[in-house]
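Next come the chains, spelled out residue by residue.
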Amino acid sequence: MSLRWKRALLKISGEVLGGKEGPLDEGAFSFYAGEIGRAREAGAELAVVVGGGNVARGAALPFLPQTSGHIVGMLGTLLNGVVLREFLLRKGVPALLMSALPVAGVAEPVDPWRAKEAMGSGSVVIFAAGTGDPYVTTDTAAVIRALSVEAEVVLKASKVPGLYDDDPLRNPEAKFLPRLSHREYLARGLRVMDQAAVAIAQENGLPILVFKADKEGALLEALSGKRGSLIGGEG
Ligand code: UDP
């Protein structure tokens, strides 16, 4: 399968990393580590932004001032990063963990130059703690990190096959949309990928592919442009 994009940033939400047994689903981490390893073997240069919704979301902690809630949310993404690194290393995939809230001895600070160099020499770089700032989400971090490491695309791992004109989980008649411009996505008020994140991607001409990621080989198919819905990517 030939790759449509060689350097890509994969956004994995916390939602897909948690399970019934608790916030950290061993099977999900193992699955995504396997997917990432396969994509790397096919020649892709990958960075990953991990979400944290499986651990905590700032907005879901009303007993805390919002700023503290978001910091807790960001630290949740760091847990996911530590676990994903372990699963990648276990599969023989060299991996670096960079965190926007660095924790000495656990994750190094975000360094786009070092990240690019590591990706170029076959390591997978995991970015944790979102942007490091409250009031935004890891979707925004995904777009910013993708731009910083000059990724050609953001691949958003989703539970649904892509974009629809209505919520496919509630409306079985919802129509699949294989492609939309950033402007159309924003105008329709779609939310699979945060609007703020898509606005930054639009300003910088960065395409975003939303794809269903829970099947073996899905990441490689996404990288080959054979899966999902594309936002932007004109020309
Ligand atoms: N968060 C934040 N700043 C960021 C990224 C995340 O404050 O740059 C917080 C925010 O509270 C968010 C939580 O971390 O709810 C978890 O991130 P997100 O909701 O993006 O995770 P996902 O939905 O991808 O699992």
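Above this text is the structure in question.
Every value quoted in this text rests on a predicted model; they were computed, and no experiment measured them.

Draft legend 1. Local environment of the layout of surface pockets. Here the largest pocket defines a volume of roughly 990 Å³. Arg-57, Asp-139, Lys-156, Val-192 and Asp-194 are, among the 41 residues lining the largest pocket, the residues nearest its centre. Put simply, the parts of the chain that give the lining of the largest pocket at least two residues each are helix H2 (66-90), helix H4 (138-148), strand S6 (153-158) and strand S7 (163-164). Sort the elements by how many residues they give to the lining of the largest pocket and H2 lands first, with 4 residues.

Draft legend 2. Looking closely at the packing of aromatic side chains. Counted under the stated rule, the structure contains 3 aromatic pairs. With 5.5 Å between their ring centres and 75 degrees between their planes, Tyr-164 and Phe-176 make a pair best called edge-to-face. Separated by 12 residues along the polypeptide, Tyr-164 in strand S7 and Phe-176 in strand S8 (residues 176-177) bring together distant segments of the chain. The aromatic ring of Phe-87 is capped on one face by Arg-90, whose charged end is 4.5 Å from the ring centroid. It is Arg-145 that lies over the ring of Phe-127; its NZ or CZ is 5.7 Å from the centre.

Draft legend 3. Looking closely at H2. Compared with an ideal rise of 1.5 Å per residue, which puts 25 residues at 36 Å, H2 spans 37 Å between its outermost C-alpha atoms and is within 8% of the ideal. Downstream of H2 by one or two residues, Gly-92 has phi in the positive range, about 80 degrees.

Draft legend 4. How the structure looks around a nonpolar patch on the surface. Nonpolar side chains collect at one region of the surface, where Leu-24, Val-55 and Leu-79 lie side by side and expose about 230 Å² of accessible area between them. Note that Leu-79 resides in helix H2.

Draft legend 5. Representation of the sheet that holds strand S2 (residues 45-50). Across the sheet, 9 strands lie side by side as S4-S3-S5-S2-S1-S6-S10-S11-S9; this open sheet has mixed pairing. Each edge of the open sheet carries a strand with a single partner, namely strand S4 (108-109) and strand S9 (179-180). Pairing of S2 with strand S5 (residues 124-128), which is carried by 3 bridges, proceeds in the parallel orientation. Considered in S5, the bridge of Ala-47 is made with Val-125.

Draft legend 6. Structural view of the site of the ligand. As a structural note, the neighbourhood of the ligand is formed by 21 residues, with Gly-14, Arg-57, His-70, Thr-131 and Thr-138 the closest of them. Lys-11 has a polar side-chain atom sitting 2.8 Å from an oxygen atom of the ligand. With respect to the ligand, the backbone of Asp-133 contributes an N or O atom lying 2.7 Å from a nitrogen atom. Here the ligand has 520 Å² of accessible area as a free molecule, and 93% of this is covered by the chains. When atom positions are compared with the pocket grids, the ligand is found to occupy the largest pocket. Element by element, the count of residues in the shell around the ligand is highest for H2, at 3 residues. Within the shell around the ligand, the residues separate by chemical class into 5 nonpolar, 12 polar and 4 charged.

The rules we used
- Residues numbered from 1 in each chain as written.
- Predicted model: local features only at pLDDT ≥ 70, side-chain atom pairs only at ≥ 80, totals over all residues.
- Heavy atoms only, no water.
- 1 Å grid on protein atoms, 1.4 Å probe; cavity = no way out; pocket = protein on both sides within 12 Å on 5 of 7 lines; lining within 4 Å.
- Points joined across faces, edges and corners; volume = space filled by probe spheres on them.
- Helix = DSSP H or I, 4+ residues; strand = E, 2+ residues; numbered from the N terminus.
- Phe/Tyr/Trp six-rings, centres within 6.5 Å; stacked < 30°, edge-to-face > 60°.
- Lys NZ or Arg CZ within 6 Å of the ring centre and 35° of its normal.
- Expected span 1.5 Å × (residues − 1).
- Patch = residues over 30% accessible without salt bridge, like charges linked within 9 Å, V, L, I, M, F, W, Y side chains within 5 Å.
- Areas by Shrake-Rupley, 256 points an atom, 1.4 Å probe, with all protein chains shown as cover.
- Salt bridge = Lys/Arg side-chain N within 4 Å of Asp/Glu carboxyl O.
- Pairing = 2+ DSSP bridges.
- Near = heavy atom within 4 Å.
- Polar contact = N/O pair within 3.5 Å; in protein donor to acceptor, adjacent residues only side chain to side chain.
- Sits in = over half its atoms within 2 Å of the grid points.
- Nonpolar A, V, L, I, M, F, W, Y, C, P; charged D, E, K, R; others polar.

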